[in-house]
Amino acid sequence: MPTQPKITRFNQNVLSKYQIYNSIFMTLPFDTITKTGALLPLFHETCKKGFENGEDPTTIVHSFFEKYQGRRSSKSQINLLFRFIQYIERQVVLFDAIEDAAFPVVNNMDGIGTLRSLKETVSAENKLEILRGYLEEFKVRIVLTAHPTQFYPGAVLGIITDLTDAIRTNDLLRINDLLAQLGKTPFFKHKKPTPYDEAVSLIWYLENVFYTSFGTIYDYIQQNIFDDKHIDNNIINIGFWPGGDRDGNPFVTPEITLKVAARLRETIIKNYYRDVRKLRRKLSFDGVDERIIGLERELYNCITNTTSNLTLDFLTSELKAIKDVIIDKHQSLYLGEVNSLLNKIHLFGFHFSTLDIRQDSRKHDQFFNDMVQAVIKSGSEIFPKNYYDLSEKEQIKILSNVNGRVDLSLIKDEETLKALHTMQAIKTIQETNGEQAANRYIISNNQTTLHVMQLFAMLNLVAFHDALTVDIGPLFETITDLENAPEVMEDLYTNPAYAAHLKSRGNKQTIMLGFSDGTKDGGYLMANWAIYKAKERLTTISRKYDVTVIFFDGRGGPPARGGGKTHNFYASLGPTIEDKEVQLTIQGQTISSNFGTLESSQYNLEQLISSGVYNSLSDADLKMMPENREVMSHLADLSYMAYSDFKAHPKFISYLEHMSTLKYYAKTNIGSRPSKRGKADGLVFEDLRAIPFVGSWSQLKQNVPGFFGIGTALKHYEDTGEFEKVQHLFKTSSFFKTLIENSMMSLSKSFFDLTKYMANDPEYGEFWDTIYTEYNTSKRLILKLAGYTKLMEEEPAGKASIAVRESIVLPLLTIQQYALKKIQELQKEPVRDEEQIKIFEKIVTRSLFGNINASRNSA
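Now for a description of the structure that goes with this document. Fair warning: this is a prediction, and the values are worked out from it, not measured in the lab.

Observations concerning the overall build of the chain
Part 1: Per the secondary structure count, the chain includes 33 helices and nine strands.
Part 2: A globule of 859 residues ought to have a C-alpha radius of gyration of about 29 Å, and the chain, at 28 Å, matches this closely.
Part 3: With the principal axes as the frame, the chain shows a C-alpha extent of 75 × 75 × 60 Å.
Part 4: A separation of at least 24 residues holds for 81% of the contacts in the chain among residues at least 6 apart in sequence.
Part 5: As displayed, the chain offers around 34200 Å² of accessible surface, 50% of which is attributable to carbon and sulfur atoms.
Part 6: Counting 99 positive and 105 negative side-chain charges, the chain places the averaged centre of each group 4 Å from the other.

Overview of the pairing of strand S5 (residues 440–444)
Part 1: S5 sits mainly inside the fold: five of its five residues count as buried.
Part 2: Across the two faces of S5 the burial is the same, with Arg440, Ile442 and Ser444 and Tyr441 and Ile443 all buried.
Part 3: Sheet topology places strand S4 (residues 357–360) next to S5; four bridges connect them, and they run parallel. Bridge pairing links aspartate 360 to serine 444 in S5.
Part 4: Since S5 and strand S6 (residues 471–476) lie parallel, the crossover through helix H17 (residues 449–462) that links them has a hand, and here it is right-handed.

Points about the packing of aromatic side chains
Part 1: Applying the stated criterion across every chain yields a total of 47 aromatic pairs.
Part 2: Judged by centre distance (6.4 Å) and plane angle (80°), the ring pair of phenylalanine 652 and phenylalanine 767 falls under edge-to-face. Here phenylalanine 652, found in helix H26 (residues 652–659), pairs with phenylalanine 767, found in helix H31 (residues 765–786); they are 115 residues apart in sequence, far enough to count as distant.
Part 3: One aromatic cluster is present, built from ring pairs that chain together Phe646, Phe652, Tyr655, Phe693, Trp697, Phe708, Tyr764 and Phe767.
Part 4: Above the face of the tyrosine 211 ring, lysine 344 is positioned so that its terminal group lies 5.2 Å from the ring centre.
Part 5: The side chain of lysine 842 reaches across the aromatic face of phenylalanine 82, ending 5.6 Å from its centre.

Digging into helix H14 (residues 361–377)
Part 1: With 17 residues, H14 extends 24 Å between its outermost C-alpha atoms, agreeing within 8% with the 24 Å of an ideal straight helix rising 1.5 Å per residue.
Part 2: Within H14 the residues assigned to the buried category are Ser361, His364, Phe367, Phe368, Asn369, Met371, Val372, Ala374, Val375 and Ile376.
Part 3: Structurally, the start of H14 carries an N-cap: the backbone nitrogen of arginine 362 is 2.7 Å from a side-chain oxygen of aspartate 360.
Part 4: Phi for glycine 379, located one or two positions after H14, is positive at around 95°.

Quick word on the sheet that holds strand S7 (residues 508–514)
Consider a sheet: its strands pair through backbone hydrogen bonds, and that pairing is either parallel or antiparallel.
Part 1: Strand order in this open sheet of nine strands is S3-S2-S1-S9-S8-S7-S6-S5-S4, and the pairing throughout is parallel. Of all the strands in the sheet, the pair left with one neighbour each is strand S3 (354–355) and S4.

A short note on the nonpolar core
General note: in soluble globular proteins, nonpolar side chains tend to be found buried as a group.
Part 1: Grouped together as the largest cluster of nonpolar side chains are 267 residues, with contacts concentrated most on Met371, Phe383 and Trp697.
Part 2: Ranked by the residues each element gives to this core, the list is headed by helix H4 (residues 74–106), at 17 residues.
Part 3: Residues in contact with methionine 371, not counting those within four places in the same chain, are Phe383, Val406, Ile411, Leu420, Met458, Leu461 and Val462.
Part 4: Counting six residues, the second largest nonpolar core, distinct from the first, contains Val143, Trp241, Met512 and Phe552.

Considerations on unusual backbone geometry
Part 1: Positive phi outside glycine occurs at aspartate 228, with the angle close to 70°.
Part 2: Tracing the backbone shows aspartate 228 in the loop between helix H9 (195–225) and strand S2 (236–240).
Part 3: At isoleucine 235, a residue that is not glycine, the phi angle is positive and equals roughly 65°.
Part 4: With respect to the helices and strands, isoleucine 235 occurs in the loop between H9 and S2.
Part 5: When its relative accessible area of 0% is taken as the criterion, isoleucine 235 is described as buried.

Comments concerning the side chain of aspartate 360
Part 1: Structurally, aspartate 360 is set in strand S4.
Part 2: Of the residues examined, aspartate 360 reaches a relative accessible area of 5% and is grouped as buried.
Part 3: Separated by 2.7 Å, the side chain of aspartate 360 and the backbone nitrogen of arginine 362 make a polar contact.

A word on the packing of helix H1 (residues 6–26) against H4
Part 1: Across the interface, H1 lies against H4 with an axial gap of 9 Å and an inter-helix angle of 145°. Note on packing geometry: the crossing formed by H1 with H4 is right-handed. Mapping the contact onto sequence places Lys6, Arg9, Phe10, Asn13, Val14, Lys17, Tyr18, Tyr21, Asn22, Phe25 and Met26 in H1 and Tyr87, Arg90, Gln91, Leu94, Phe95, Ile98, Glu99, Ala102, Val105 and Val106 in H4.
Part 2: Across the contact of H1 with H4, the residue classes break down as 13 nonpolar, three polar and five charged.

Concerning helix H11 (residues 289–303)
Part 1: For H11, spanning 15 residues, the distance from its first C-alpha to its last is 22 Å, which sits close to the expected 21 Å at 1.5 Å a residue.
Part 2: Next to the buried residues of H11 lie helix H10 (254–282) and helix H12 (312–329).
Part 3: Just beyond H11, the residue with positive phi is asparagine 305, at close to 60°.

Structural notes on the environment of proline 474
Part 1: For proline 474, the position within the fold is in strand S6.
Part 2: With 114 residues separating them along the chain, proline 474 and aspartate 360 place their C-alpha atoms 10.0 Å apart.
Part 3: Beyond its immediate sequence surroundings of up to four residues, proline 474 is in contact with Ile443, Asn446, Val452, Met489, Gln509, Thr510, Ile511 and Met512.

Section: the packing of H11 against H12
Part 1: Where H11 contacts H12, the axes come no closer than 10 Å and their chain directions differ by 160°. When the axis of H11 is compared with that of H12, the two are roughly antiparallel. Crossing of H11 over H12 shows left-handed handedness. Contact with H11, carried on its side by Arg291, Ile292 and Leu295, involves Phe314, Leu315, Glu318, Leu319, Ala321 and Ile322 of H12 and no other residues of that element.
Part 2: Tallied by class, residues from the contact of H11 with H12 come to seven nonpolar, no polar and two charged.

The rules behind the values
- Residues numbered from 1 in each chain as written.
- Predicted model: local features only at pLDDT ≥ 70, side-chain atom pairs only at ≥ 80, totals over all residues.
- Heavy atoms only, no water.
- Helix = DSSP H or I, 4+ residues; strand = E, 2+ residues; numbered from the N terminus.
- Rg over C-alpha atoms; globule rule 2.2 N^0.38 Å.
- Contact = heavy atoms within 4.5 Å.
- Areas by Shrake-Rupley, 256 points an atom, 1.4 Å probe, with all protein chains shown as cover.
- Lys, Arg positive; Asp, Glu negative; His and termini not counted.
- Charge placed at Lys NZ, Arg CZ, Asp CG, Glu CD.
- Buried < 20%, exposed > 50% of the residue type's maximum accessible area, 1.4 Å probe, protein only.
- Pairing = 2+ DSSP bridges.
- Right-handed = clockwise from strand over helix to strand, strands pointing away.
- Phe/Tyr/Trp six-rings, centres within 6.5 Å; stacked < 30°, edge-to-face > 60°.
- Lys NZ or Arg CZ within 6 Å of the ring centre and 35° of its normal.
- Expected span 1.5 Å × (residues − 1).
- Polar contact = N/O pair within 3.5 Å; in protein donor to acceptor, adjacent residues only side chain to side chain.
- Core = buried A, V, L, I, M, F, W, Y, C linked by side-chain atoms within 4.5 Å.
- Axes fitted to C-alpha atoms, helices over the stretch in contact; angles between N-to-C directions.
- Left-handed = near helix turned anticlockwise from the far one by under 90°.
- Nonpolar A, V, L, I, M, F, W, Y, C, P; charged D, E, K, R; others polar.
- Parallel < 35°, antiparallel > 145°, perpendicular 65-115°, else oblique.

Here it is, written out as structure tokens:
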């Protein structure tokens, strides 16, 4: 039987099931407000028709109450709106679970981009040996971050998992019970999680998803591509930021870092223990039974904190010995299971994932100066007394060759002490969990060579006196910093001390590039083009000094933060950008939406591996043609000017502050990190974090960071009669095509009818018009560019999923805008009703949850 089109599979397995199970869900009695489930469809229809007729959210809400609930008191009306919010939050969860359950049916698990497809293609082209050679070096690392875009508490994530299983088997009784449980389980967190809480939440994915999916992928590669031979390279690995990332988060302490590392070790050993227990039941024959029992006992001692001398080397060698006995004496019985466990140990060691440490360069500067001043004051000769009179170049020379030990009792500042103790914590973690457990330090907002050398010196003086077993990764974020990055790196490569350090680390240099802050700073097109060009120049300079550069992409969920169809970017880079490794951050809801189940995790990891491999093995010339580079650069410049003018608009900051949900992000209690960097009372653009910035535009359904400037840039080519140049670029550049297709996703999730009332606002009407005009121009010209009649025309299933999600939250968006408008009106009253303001502020905060979760990649 032929495979049905993806959109048909989606309609049958997702849309139809949602309609059935939603009808069950709507009839369940959750609360004291009667008929909430019956009233919500009526409110949804009122919203839909109201926006079609050009009505504003306030009019829509009032007309609903007048038509259907005229006798309700104001208090009762508010209560009903809260109940609507609760119902819609849970409808989103139901849809998530149904989509997760249908994932392996809707997506072809053996189709294009999967390992099976890759193997068949290279075999047909007689490139299997080339593929093996490439996989001996190539790596993919996904780095899980605790950035606050995940709104589901742990209990709700558990229900989603159970509901997904029940839906997959059509277990109606269990589904009914789980829907009832969902209705009674709170979504709102009354207090912020600690960084350790965040780490524990994400370790759940390591333990229950990645342990299995990584193992499955590695087993497949070993069995089907390497013919069961051992592979030295681990190919896929995980990075971890919760408990290590202290950029802007004062709550991440050295103690937390050590505690998270211990939890990671404990969790991976638990997983090994479970697998060894299963093996023990099977390996019941002579020569192996006692050995497997011994391993089980030692692993159990480890997880119960009983004395154990078990080392990673012993665990590995003992399992290899068991494997040899099985092959020699027992006809290779259960050999596959032993091999699979050995592969997992090869992948995860005793560390499970690599804990990255990250801090802002401005903070490092503060800590470094505090340390230097204390050392000089003590009379120590580690630093010359005239250090601060020296030029930057002279300071770098001193930092390159500095040696000695800093006595931390000299340091009085608590924040500085925490930073220096963190460096010692890295050494401790390496000693207990292995070097891979914590061997990278990211400097965010890195601007100069001095920023890198300050950290280099601190690590050497405080913790790593003999050999520095830590990779230092500068993070370049703003457009200016991206342009200066190659000069900074050349300074480092030509510094004898730093070059010697790199040599000891295999001549590999990690460089992180920030898509989120890049887009916030320079707009969508310019940020992506600036990073592309920076990667090219950094590749050239690194190859010049025989250094393999590893690009670590700081990507978020939506296109505006480097998300969207991420694997397409890696398949489009061409030979001018180093591609030995693919490294990227996976944040918040993107973890649960793209990697939350075994199937989605395996599928999306395989897509990343295949895209990186394809980029190197393809015979196609992926290098951007000179004429295309010229057009791309010009488009980026034009869009940058448009975005910069927009950002410089006198109403830009106040519009976000007064007309969006920006200031409510901090009240959601979803992350331990403050929502802005600085301590200023007012809103300062530079202090604004990318997540609430992008998320606030998403809540407005305007998605400005994902398209603003594109329309203006394309219109220039239309106005000058040269539109065929950008059409040629779209047809011949995979990179540009991916950029545009991702922007289509941002445009598809925009809904300007929601905020059309702002056009009449005396203060912000003209500003809203500016956004709406750019939206219309971008949409019209992107469709013309692609030759489509509608957005996402070539992704009907993706478009259908977005349409269902946007429809579910339409009442929620309406309620949010109604509440924001009420707050504005109440704040203008001569006598402010603070109690009423608090109620409507609570409505706005609560409405954030469902909107963000429904979008799956909005922040």
